[in-house]
Amino acid sequence: MKVKKTIKLFIGGKFPRSESGRVAPQYFAASKTKVSAHYCQASRKDFRASIEANKKAEGPWAARSAYNRGQILYRIAENLEMRRGEFEEIFISILGYSKSKANKTLEQAIAAFVYYAGFADKYSQVLASLNPVQGSQHNFTFPEAIGSGVLAEGSSTKFVELCNELAALLATGNVVTVLQSPTCALLLSPFAEVLATSDVPAGVVNLLSASNDELMPVAASHMDVLYITLLEDKDLALVKGEAIHNLKRVFRAPANGRSIESIAQAVEYKTTWHPTGF
Amino acid sequence: MKTQKIKKKSKVKKKTTNKNHAGATLAKEEDFNFAYSKAPQASSVVKVKEAYQLYINGKFCDASQKKTFNSINPATGKKLCKIALASKKDVDKAVASAKNAYNKTWSKISARERSYYLFRIARLIQEKSRELAVLETMDGGKPIKESRDVDLPLVAAHFFYHAGWADKLQYAFPGQKASPIGVVGQVIPWNFPLLMAAWKIAPALATGNTVVIKPAETTSASIMHLAEIFQEAELPDGVVNIVTGAGEVGAALVNHKDVNKVAFTGSNEVGKLIAKSVASSNKRVTLELGGKSANIVFEDAAIDQAVEGVINGIYFNQGHVCCAGSRLLIEENIKDIFLKKLKRRMQQLRVGDPLDKNTDVGAINSKEQLDKINQIVDAGKKEGLDFYQSKTCSLPSQGYFYKPSFFNGVSSASVVARSEIFGPVLSIQSFRNPEEAIAKANNSPYGLAAGVWSEKGSKILQVAKALKAGVIWSNTYNKFDPTSPFGGYKESGQGREGGRQGLSAYVELQS
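Conventions we followed
- Residues numbered from 1 in each chain as written.
- Chains lettered and ligands numbered in written order.
- Predicted model: local features only at pLDDT ≥ 70, side-chain atom pairs only at ≥ 80, totals over all residues.
- Helix = DSSP H or I, 4+ residues; strand = E, 2+ residues; numbered from the N terminus.
- Rg over C-alpha atoms; globule rule 2.2 N^0.38 Å.
- Buried ≥ 20, exposed ≤ 12 C-beta atoms within 10 Å, placed from the backbone.
- Contact = placed C-beta atoms within 7 Å.
- Nonpolar A, V, L, I, M, F, W, Y, C, P; charged D, E, K, R; others polar.
- Pairing = 2+ DSSP bridges.
- Domains from an automatic or database assignment.
- Core = buried A, V, L, I, M, F, W, Y, C linked by C-beta atoms within 7 Å.
- Axes fitted to C-alpha atoms, helices over the stretch in contact; angles between N-to-C directions.
- pLDDT = per-residue confidence, 0-100.
- Expected span 1.5 Å × (residues − 1).
- Bend = angle between axes of the 7 residues up to and from the residue.
- Parallel < 35°, antiparallel > 145°, perpendicular 65-115°, else oblique.
- Left-handed = near helix turned anticlockwise from the far one by under 90°.

Engineer: Would you mind showing me how to read the overall build of chain B here?
Structural biologist: Check the secondary structure of chain B and you find 17 helices and 22 strands. Whereas a compact globule of 511 residues would reach a radius of gyration of roughly 24 Å, chain B reaches 23 Å, a difference of no more than 12%. Considering only C-alpha atoms, chain B reaches an extent of 75 × 50 × 50 Å along its principal axes. Considering chain B as a whole, with its 511 residues, one finds that 55% of them fall into the buried category. Within chain B, contacts between residues separated by at least 24 positions form 72% of all contacts whose residues are at least 6 apart in sequence.

Engineer: I would appreciate a short explanation of the interface of chain B and chain A in the present structure.
Structural biologist: Bring the parts together and some accessible area is lost; that lost area is often taken as the interface size. Listed as interface residues are 30 residues of chain B and, on the opposing side, 27 residues of chain A. Secondary structure elements with two or more residues in the side of chain B that touches chain A: α10 (268–277), β20 (471–474) and α17 (499–503) of chain B. Sorting elements by how many residues they give to the side of chain B that touches chain A places β20(B) first, with 4 residues. For the side of chain B that touches chain A, a count of residues per class yields 10 nonpolar, 12 polar and 8 charged. Taken together, the 3 bridges between strand β10 (residues 267–275) of chain A and β20(B) define a ladder with parallel strand orientation.

Engineer: What should I look at first to understand the domain arrangement of chain B in this one?
Structural biologist: When its domains are assigned, chain B resolves into domain 1 (7–36 + 291–474) and domain 2 (44–289). Counting residues at the interface gives 19 residues for domain 1 of chain B and 17 residues for domain 2 of chain B.

Engineer: Help me understand the nonpolar core in this model?
Structural biologist: Within soluble globular proteins, side chains that are nonpolar generally end up buried alongside one another. Membership of the largest hydrophobic core comes to 249 residues, with the highest contact counts inside it found for A:L73, A:F113, A:Y116, A:I228 and B:I296. A domain-level breakdown of this core finds at least three residues from each of domain 1 (7–36 + 291–474) and domain 2 (44–289) of chain B. Dropping the residues within four chain positions of it, A:F113 is found in contact with A:L73, A:Y74, A:I76, A:A77, A:L80, A:C163 and A:A167.

Engineer: Got a minute to help me understand the sheet that holds strand β5 (residues 148–152) of chain A in this structure?
Structural biologist: In a beta sheet, neighbouring strands pair by backbone hydrogen bonds and run either parallel or antiparallel. Residues and elements named next belong to chain A. Strands sit in the order β7-β6-β5-β8-β9 across an open sheet of 5 strands; the sheet is parallel. Of all strands in the sheet, those with a lone pairing partner are β7 (205–209) and β9 (249–252), marking the two edges. Pairwise comparison of adjacent strand axes, ignoring direction, gives a mean angle of 20° for this sheet. Strand direction decides the pairing type here: β5 and strand β8 (residues 227–230), joined by 4 bridges, are parallel. Bridging across to β8, L151 finds its partner in T229. Its contacts with the sheet place helix α7 (residues 188–196) against β6 (175–180) and β7, and it is angled at close to 170° to β7.

Engineer: Can you walk me through the confidence of the model for chain B in this structure?
Structural biologist: Caution applies to low-pLDDT parts of the model: their predicted coordinates are not meant to be read in detail. Residues and elements named next belong to chain B. Looking at chain B, the pLDDT average stands at 94 and 93% of residues meet or exceed 70. Contacts of residues 1–24 to residues separated by more than four positions or lying in other chains number 19 contacts, the stretch itself having pLDDT below 50. Reported for the predicted complex are a pTM of 0.94 and an ipTM of 0.95.

Engineer: What is the right way to read the environment of A:I72 from this model?
Structural biologist: All names here are of chain A. Mapped onto the fold, I72 is located in helix α2 (residues 66–82). For I72, a count of 22 C-beta atoms within 10 Å translates into the label buried. On a C-alpha basis, the gap between I72 and V200 in space is 6.5 Å, while along the polypeptide they are 128 residues apart. What I72 contacts, discounting residues up to four positions off in sequence, is S198, D199 and V200.

Engineer: Got a minute to help me understand unusual backbone geometry in this structure?
Structural biologist: Trans is the common state for peptide bonds, and a negative phi is the common state for residues other than glycine. All names here are of chain B. Backbone geometry at N475 places phi at a positive 55°, although glycine is not the residue there. By the element assignment, N475 lies in the loop between β20 and β21 (493–494). The partly exposed category is assigned to N475, around which 19 C-beta atoms lie within 10 Å. Phi is positive for N478, close to 50°, though the residue is something other than glycine.

Engineer: How do you make sense of helix α1 (residues 44–63) of chain A when you look at a structure like this?
Structural biologist: Side chains of residues three or four places apart in an α-helix project in the same direction, reflecting 3.6 residues per turn. Residues and elements named next belong to chain A. Taking 1.5 Å per residue, 20 residues should reach 28 Å; α1 reaches 29 Å between its end C-alpha atoms and fits that length. A57 marks where α1 bends most, by close to 40°; the proline P60 follows one to four residues later. Among the residues of α1, D46, F47, A49, S50, I51, A53, N54, A57, E58 and W61 are the ones counted as buried. At its buried positions, α1 is contacted by β5, β6, β7 and α8 (212–221).

Engineer: Mind showing me how you'd approach the sheet that holds strand β16 (residues 386–389) of chain B here?
Structural biologist: Read across the open sheet, the 10 strands follow the order β3(A)-β4(A)-β10(A)-β20(B)-β19(B)-β14(B)-β15(B)-β18(B)-β17(B)-β16(B); overall the sheet is mixed. Looking at the sheet topology across the chains shown, the edges are occupied by β3 (129–130) of chain A together with β16 of chain B. By the bridge criterion, 4 bridges tie strand β14 (residues 294–297) of chain B to strand β19 (residues 449–453) of chain B in an arrangement that is parallel. Along β19(B), the bridge assignment pairs B:I296 with B:V452.

Engineer: Would you take a moment to explain the packing of helix α4 (residues 129–140) of chain B against helix α5 (residues 144–165) of chain B for this structure?
Structural biologist: Pairs of packed helices are described in terms of their axes, by the angle between the two and the distance that separates them. All names here are of chain B. Look at α4 against α5: their axes get within 9 Å of each other, and the N-to-C directions meet at 125°. The angle between α4 and α5 places the two elements in the oblique class. Here α4 and α5 pass one another in a crossing that is right-handed. Taking contact as the criterion, the partners of S129, R130, L132, A133, V134, E136 and T137 in α4 are, on α5, I144, S147, R148, D151, L152 and A156.

Engineer: I tried to follow the environment of B:K272 on my own but got confused; where do I start?
Structural biologist: Residue and element names in this part refer to chain B. In this structure, K272 sits in helix α10. Judged by C-beta crowding, with 18 C-beta atoms within 10 Å, K272 ranks as partly exposed. Separated by 17 residues in sequence, K272 and L289 have C-alpha atoms that sit 9.3 Å apart.

Written out as structure tokens, the structure is:
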């Protein structure tokens, strides 16, 4: 007889249940009625707790060296690779993926972390500039992390796109609360465990299984959320409308997969001046 | 010469010197009450028209309903000229003209040709810079010294800089293909009318877009002289269109269905309204909004330079600067000597006729803005804050003026530490260590700019890194350059203007 695991949330490096006590069943793709596991549904309060944990992790994560962030991203790729069978099995049993589709999905998800691991210590060399201003002034511009924000998967599981944007956000020193689609809530468990064992500091990434309809308006109007990345157009107008309260940056994930675009939109540019002379 | 000067000064000092705790010697305030002879800039270099029309499809035309409004010279409070009041119909016409120009000419000609037009415009601005500077001062109230030496040179430089980008965009975004967005709707403020026009128009045209722009209602005259330059440069009809009027004209413009991108510089209130009104569209938006920027002075700063930087930070352009260093954070152990020096320097500021070449602080842009300053200052006084104004400063009997002022002992929660006053009013707070300075500086919904004053390089770099602001001026303040990206973190805006990074606001990129 098998032991069934409850899928919990991942906040601040811990695995809490939802404070609301809410759980929902996740069904097997084949039967649609047979329960594979129960997962915790994140509430508004869980979301706020998640952003609080993000805020604590914000400064130290951005202060890590680019090399170190790259190392951690590569460690995520290694751990994903080690457990890819587990992920593939979930895609097959819950979403009904074919074996080859599940295999390709993992290959691309792992590629995302490797790609951005290698970008962590290079993007600022590509995006920064030394500006030839007039007068006796030294002037340079470089990209910095925005801070705490939300990555929302939307109404269906898009694991590759999710990994692309997550890796780009981490490479640039941002911290993030991921709203994972409950269509494949089971993924949260191995994914959280991969992150927890890859030296990602507590609170840098939090994972919540959440209904978008419930949490998107909360995320979009939260004053400590500085950016929201969406993987689909569905909530774009709602989020842009609510985002005005603190002018959070709203991004739609680029369509072309891995590229500098995901990095370039996840940064703020800071320009520093200093006089020159004796 | 030098020794003579010193001798003279020391003679005065004998009578009035007083020692502060740091042992520095300071002369009393009244020593610096110099009288200056008038040095007026002739206003005849510019022919101010009685009435300005709209500029649509390369031609000047009346507003469809023939309505006009008055533009006031804030230094006199009297009417300077009449400005056409655009209707929704005029906005439709202007957008249609920009769309047509985009489809038929501007997107068809080569990048090199676009570049040539912008170079031409830059040259013509240089040639007419004095008349434009005088008009800018008469319509907006800023000192001629500033419009002549800061605004206009930067306006020309902005067109020059972006002219060169037009045929080099493939180097701005390596590995990505940049294409124009289409028709850009732009709304600009009254504090740097021509400079903001240049910041908006030059990058938009260089990247291949066409423009409909609305200047602020109190400063609409100078951009119409810029339109004459566009005509003289033979810029194809409809590439730039100018509609004048107040908020409803701007609203009609940004909400127009054929506008593909919106760029706004102005207040947070209006910026948020714009962002809300276009949220459900696919329009791209960049916003350059307000600020409450901290100017941090450490104990190891070069004090006299820092005083100069603080003065420049808050009193430049009457404090009508979005990135004004309006919150002075001063390290506690140098506060007394710093305030003495600051007060002394404030006595030397010449407030008055903006057309006088000696004037440091000109007229407040409008009656409405003067009322707003008074309102926030009154709220600060009600909090019981210590308020200081230069004792020797006298204001002209007509027009809108405000004495350079500061609030001392301000807490982070005070109205004068949180609201953007947009006038010559500084708020002073103190701190005990760098961590406290950083925490106080970042304790604001804004994040536009910050100043850091210290002679210790490692401290400057560390503090600059920790500040949540888009522009950090270290041991300097209020410096601008077309090559230097400008724009804010948090609620101070979205996007950058200027530099290579600023171009991305005006292009679609494909990997």
